[in-house]
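What follows is each chain in one-letter form.
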Amino acid sequence: MQIQIIAVGKLKEKYLTQGIAEYLKRLGPYAKVQITELSDEKAPETMSAAEEEQVKAKEGERILAHIKPDAHVIALAIEGQMWSSEELSSQLDQLATYGRSQVTFVIGGSNGLSEAVLKRANQHLSFGRLTYPHQLMRLILVEQIYRAFKIMRGEPYHR
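The rules we used
Residues numbered from 1 in each chain as written. Predicted model: local features only at pLDDT ≥ 70, side-chain atom pairs only at ≥ 80, totals over all residues. Heavy atoms only, no water. Helix = DSSP H or I, 4+ residues; strand = E, 2+ residues; numbered from the N terminus. Rg over C-alpha atoms; globule rule 2.2 N^0.38 Å. Buried < 20%, exposed > 50% of the residue type's maximum accessible area, 1.4 Å probe, protein only. Areas by Shrake-Rupley, 256 points an atom, 1.4 Å probe, with all protein chains shown as cover. Lys, Arg positive; Asp, Glu negative; His and termini not counted. Charge placed at Lys NZ, Arg CZ, Asp CG, Glu CD. Expected span 1.5 Å × (residues − 1). Arc of directions from axis to C-beta. Contact = heavy atoms within 4.5 Å. Phe/Tyr/Trp six-rings, centres within 6.5 Å; stacked < 30°, edge-to-face > 60°. Pairing = 2+ DSSP bridges. Axes fitted to C-alpha atoms, helices over the stretch in contact; angles between N-to-C directions. Core = buried A, V, L, I, M, F, W, Y, C linked by side-chain atoms within 4.5 Å.

**Describing the overall build of the protein**
Next up, step 1: Within the protein one finds five helices and five strands.
Next up, step 2: Element order for the protein, N to C, with α for helix and β for strand: β-α-β-α-β-α-β-α-β-α.
Next up, step 3: The C-alpha radius of gyration computed for the protein amounts to 15 Å, which stays within 12% of the reference 15 Å derived for 159 residues, consistent with globular compactness.
Next up, step 4: For the protein, the spread of C-alpha atoms along the three principal axes comes to 50 × 35 × 25 Å.
Next up, step 5: With 159 residues in all, the protein has 44% of them scored as buried.
Next up, step 6: Here the protein has roughly 8,700 Å² of accessible surface; of this, 50% comes from carbon and sulfur atoms.
Next up, step 7: The protein carries 20 positive and 19 negative side-chain charges, and their two centres are separated by 6 Å.

Following this line, the structure appears as structure tokens:
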């Protein structure tokens, strides 16, 4: 399985890059995982709703340009479905079984995802109603993908 994670914003914190690198190493035997890091749109601290939509639209254009036409897209969105780790594992297993071996997860910037990206997504996944920094979400997502493969294979890790 080939997994692409498209994420808006540059990772600066060493602890996050180290954690992500560790899980990517662990994922090696299970899947090819590629992280595509896109720059976030420069914007003032306070914006009108229209300005926020413009920022999301510009980031969305960059995101859509990196999604392969045949990819099954899972957008991370607060309003998405909440899955357990077992359900994520089952979803990935089903996608692989039915020939959808190219899966793309999308993590938006601090303002979220544009309507165009949400429409392109095949599924919307929520990690709960809490708001996480999008940089931290990258680490959480990679860990959950690793956990999903361990569950899929019946290997120890998940408790």
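Following the structure, the description resumes.
**Focus: the environment of K56**
Next up, step 1: Tracing the chain through its elements places K56 in helix α2 (residues 49–65).
Next up, step 2: A relative accessible area of 12% places K56 in the buried class.
Next up, step 3: As a C-alpha pair, K56 and M137 span 81 residues in sequence and 18 Å in three-dimensional space.

**Side note on α2**
At 3.6 residues per turn, the α-helix brings residues three or four places apart onto the same side.
Next up, step 1: When the terminal C-alpha atoms of α2 are compared, their 24 Å separation across 17 residues agrees well with the 24 Å that a helix rising 1.5 Å per residue should span.
Next up, step 2: Taken together, the buried positions of α2 are occupied by V55, K56, E59, G60 and I63. For α2, the arc enclosing every buried residue in end-on projection is 135 degrees, short of the 170-degree limit, so these residues lie on one face. Across from the buried face of α2, at angles greater than 90 degrees, the exposed residues are A50, Q54, E61 and A65.
Next up, step 3: Lining the buried residues of α2 we find β1 (2–8), β2 (32–38), β4 (102–107) and α4 (115–120).

**Details of the environment of A96**
Next up, step 1: Of note, A96 is situated in helix α3 (residues 85–97).
Next up, step 2: For the pair formed by A96 and A148, sequence separation is 52 residues and the distance between their alpha carbons is 13 Å.

**Looking at the packing of aromatic side chains**
How two aromatic rings sit relative to each other is set out by the distance from centre to centre and by the angle between their planes.
Next up, step 1: Counted by the stated rule, this structure contains three aromatic pairs.
Next up, step 2: Arranged with centres 6.3 Å apart and planes meeting at 65 degrees, the rings of Y30 and Y146 form a pair that is edge-to-face. Of this pair, Y30 sits in the loop between α1 (14–27) and β2 while Y146 sits in helix α5 (residues 134–153), placing them 116 residues apart in sequence. Y146 carries the same exposure label as Y30, and that label is buried.
Next up, step 3: Linked through ring pairs, Y23, Y30, Y146 and F149 together constitute an aromatic cluster.

**Quick look at the sheet that holds strand β3 (residues 72–82)**
Next up, step 1: Taken in spatial order, the five strands make up an open sheet running β2-β1-β4-β3-β5, and their pairing is parallel. Only two strands of the sheet have a single neighbouring strand rather than two, namely β2 and β5 (123–126). Sheet twist, expressed as the average angle between the axes of neighbouring strands with direction ignored, equals 30 degrees.
Next up, step 2: When β3 meets β5, the two strands line up parallel, connected through five bridges. Residue A75 lies in a different strand from β5, and its bridge partner there is H124.

**Points about the nonpolar core**
Next up, step 1: Among the nonpolar cores identified, the biggest contains 29 residues, and I3, I5, L92, F105, I145 and F149 are the most heavily contacted of them.
Next up, step 2: At the level of elements, β1, α1, β3, α3, β4 and α5 are the ones that each hand at least two residues to this core.
Next up, step 3: The element best represented in this core is α5, accounting for eight residues.
Next up, step 4: Apart from residues no more than four positions distant in its own chain, I3 is found in contact with A31, K32, V33, Q34, V103, F105, I145 and F149.
Next up, step 5: Of all hydrophobic cores here, the second largest spans 14 residues; its members include V8, L38, L113 and V117.

Everything listed here is a matter of coordinates, which is why it stays silent on function.
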